[in-house]
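# Descriptive structure summary
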Amino acid sequence: QRRGTGPDRVGGARHSMAPSRLENGVTGSMEWSVHACPSQIRREVGAVFPSLGSADMTHLLIVATCQHSAMDLVQMGDAVDVEKDLLLEQFMAWAKPLCERLMAQGHWADYIDPCSGLPMVHQEGQVVYAEVEALSVLQGFKTSNAGCCKILLHPKWGSAVYPASMFTTAPLEVLMAAVATLP
């Protein structure tokens, strides 16, 4: 299902195809990659979005994002809370208009609130999206346990990473065109 190989430019960001991804790139300080929904997490994603039918699930694209944090997000305290809020706002400022553009074109799209793990657009379900586990499957990132929480370990940034995801049934070309229009 991969679409081509080699370097390309999308929205001013240089990216290259990787074997496990359909597309990837950088927008501002956020790394992103586009994946077909793998069978390992299809059932869980279906539980998060119960209105998606099985036909939609076969065309579902997951946009996994990672933002590099100025600090280790496993730590606690006011400074970490402020950093998480900033990274949340940056993700929402990217994902919301992207979903709106895709939905205006007639495609299903949604994004996860990283604080609750719940969908922001299609709120008919109450199943939490397991962001860390999904990114481990999608990107092959390692994880670690910190108390009762599982944390993501980015290969360059360690636990100074803020993961968040967006989903759509739009074709890859439509998604990439919408990403290119974002500031």
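Residues numbered from 1 in each chain as written. Predicted model: local features only at pLDDT ≥ 70, side-chain atom pairs only at ≥ 80, totals over all residues. Heavy atoms only, no water.

### Considerations on the overall build of the protein
Worth spelling out the cut-off: Under the DSSP-based scheme used, a helix requires at least four consecutive residues in state H or I and a strand at least two consecutive residues in state E, with every element numbered from the N terminus. Whether a residue is buried, partly exposed or exposed follows from its accessible area with a 1.4 Å probe, protein chains only, as a fraction of its type maximum: under 20%, in between, or over 50%, in that order. Note on contacts: a residue pair qualifies if any of its non-hydrogen atoms lie within 4.5 Å across the two residues. Here the open area of atoms and residues is found with the Shrake-Rupley method and a 1.4 Å probe, where only the protein chains shown may cover a residue.
Helices and strands together make up the secondary structure of the protein, namely five helices and nine strands. The order of α-helices and β-strands along the protein, N terminus first, is β-β-β-β-α-α-β-α-β-α-β-β-β-α. For the protein, with 183 residues in total, the buried portion stands at 47%. At a minimum sequence separation of 6, the contacts of the protein that also span at least 24 residues come to 60%. A total of about 9100 Å² of accessible surface is found on the protein, and carbon and sulfur atoms cover 54% of it.

### What to know about the side chain of S165
So the rule is basically this: By the criterion applied in these results, polar contacts are pairs of N or O atoms within 3.5 Å in which, for protein atoms, one can donate a hydrogen and the other can accept it, and in which residues neighboring in sequence qualify only through two side-chain atoms.
Assignment of secondary structure puts S165 in strand β9 (residues 161–168). With relative accessibility at 0%, the residue S165 sits in the buried group. A polar contact is formed between the side chain of S165 and the side chain of E131, at a distance of 2.2 Å. If we ignore the near neighbours within four places in the chain, the residues touching S165 are V63, A64, F91, Y111, I112, Y129 and E131.

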